Amino acid sequence: MQAPSGLDASRKLETIATRQKSQRFPIFFRGGSLNAWYSSQAISFVPACPPLDSAEVNKLHELVGRAKKLFVITGAGLSTESGIPDYRSEGVGLYSRTQRRPIEHAEFLRSASARQRYWARNFAGWPQFSSYQPNSAHLALKNCEVLGKLHWLVTQNVDALHSKAGSQRLTELHGCTYRVVCLGCGAQLSRRQFQDQLLQLNPSWNEKAQEVAPDGDVHLSEEQVKHFHVPDCNTCGGILKPDVTFFGDTVQRDKVNFILERLAEADAVLVAGSSLQVYSGYRFLLAANERRLPIAIVNIGPTRADHLAWMKLNGRCGEVLPFIWPV
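Bear in mind the structure is a predicted one, so any value in this text is a computation, not a measurement. (Residues numbered from 1 in each chain as written. Predicted model: local features only at pLDDT ≥ 70, side-chain atom pairs only at ≥ 80, totals over all residues. Heavy atoms only, no water.)

If you look at the biggest cluster of nonpolar residues, it comprises 30 residues, and the most contacted ones within it are Leu60, Leu70, Leu270, Leu313, Leu321 and Trp325. Listing elements by their share of this core, those giving two or more residues are helix 3 (54–65), strand 3 (70–74), helix 7 (136–146), strand 4 (150–155), strand 9 (268–272), strand 10 (295–298), strand 11 (311–313) and helix 13 (317–324). For this core, the element with the highest residue contribution is helix 13, accounting for five residues. Setting aside anything within four residues of it in sequence, one finds Leu60 in contact with Gly65, Leu270, Ala296, Val298, Met311, Leu313, Val320 and Ile324. Counting 24 residues, the second largest nonpolar core, distinct from the first, contains Val154, Ile259, Val271 and Leu276. (Core = buried A, V, L, I, M, F, W, Y, C linked by side-chain atoms within 4.5 Å. Buried < 20%, exposed > 50% of the residue type's maximum accessible area, 1.4 Å probe, protein only. Helix = DSSP H or I, 4+ residues; strand = E, 2+ residues; numbered from the N terminus. Contact = heavy atoms within 4.5 Å.)

Right, dumping it as structure tokens:
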């Protein structure tokens, strides 16, 4: 699979500019054929951005194309095109449209009612959240790995879309909602197994989910959740928590060290769909800058690491990345 030439890229960008006037957006696949479309509902969480410049796309292709061991870090902006809202995007992010905020780690630990509220909302949102599928950006990065160009992929997302796409050289920096762990004995079970347990404990509880947050949370009232039952660990009776890093918690040091080791082996860095506002991801850009690695960023809107980037492309990952690694 070869990246399109500058002329091919220009022609495709002209097609995109025409198509963007409608409410549906194309995904370009191998050979230039259109065999999938995003609905206007899925794309509604993607911020507005200017049309792509073929010269900028070619510049990005040249920068990452020279890399033999590319280190990639992705964020919520990669999954918005799958229909999952992010937190911070202007106008369409969860923070700008609602008063909802993700649960804090300390609150989950200290309050049984907070855990009840969290799991009730997560239970209601799970059928929709687990149905989300990878988009063309996830598939492009998977193909980058297949081609032997990707050294390591670090995602800040907890939605498992990279795994669904087939990526294997992958670290989920903040964990994954598809796993549940006991805080007492460390026992793990799949989120689907836990959903069955919750269903058995709450057979008549049928509150409906509204919009699902990036971590699978939905909004429900206190009245809706007060009769919801949450199981303890079958092994030790401990607290069960999704295997994710909640806000206010820290990423395990051994995981950070492992990622830094992979970064030390890399020869270029690509950031895709992240504002890098959270330090847990931003630290790797600081480390890359210390090593004088070339850094490219593809994101709609500013990021915390723009001043470190060799180039910044303001665009949708689902449009940009398939030009480099066709899907």
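Moving on from the coordinates now.
If you trace the three strands from one edge of the open sheet to the other, you get 7-6-8, paired in antiparallel fashion. Two strands lie at the open edges of the sheet, namely strand 7 (188–190) and strand 8 (240–244), each paired on one side alone. Strand-to-strand, the axes of this sheet are offset by a mean angle of 40 degrees, without reference to chain direction. Both strand 6 (residues 175–182) and strand 7 contribute to a ladder of three bridges, which runs antiparallel. Along strand 7, the bridge assignment pairs Arg179 with Ser190. Lying on the sheet, helix 6 (residues 112–129) is in contact with strand 6 and strand 8; it crosses strand 6 at an angle near 140 degrees. (Pairing = 2+ DSSP bridges. Axes fitted to C-alpha atoms, helices over the stretch in contact; angles between N-to-C directions.)

Before going further, it helps to spend a moment on the packing of aromatic side chains. In this description, a pair of aromatic rings is defined by centroid distance and the angle of the planes. One pass over the structure, following the stated rule, counts twelve aromatic pairs. Aromatic side chains Tyr118 and Phe246 sit 5.4 Å apart centroid to centroid with 65 degrees between the ring planes, which places their arrangement in the edge-to-face category. Separated by 128 residues along the polypeptide, Tyr118 in helix 6 and Phe246 in the loop between strand 8 and helix 11 (253–265) bring together distant segments of the chain. Aromatic rings pair up to connect Phe108, Tyr118, Trp119, Phe194 and Phe246 into one cluster. Stacked on the ring of Trp126, the Lys or Arg Arg191 has its end atom at 4.8 Å from the ring centre. When the ring centre of Phe246 is taken as origin, the NZ or CZ atom of Lys241, which lies over that ring, is 4.5 Å away. (Phe/Tyr/Trp six-rings, centres within 6.5 Å; stacked < 30°, edge-to-face > 60°. Lys NZ or Arg CZ within 6 Å of the ring centre and 35° of its normal.)

Turning our eyes to something else, we now look at the environment of Thr245. Structurally, Thr245 is set in the loop between strand 8 and helix 11. Owing to a relative accessible area of 23%, Thr245 belongs among the partly exposed residues under this scheme. In sequence terms Thr245 and Glu104 are 141 residues apart; their C-alpha atoms lie 9.6 Å from each other. Not counting chain neighbours up to four residues away, the residues in contact with Thr245 comprise Leu173, His174, Thr250 and Val251.

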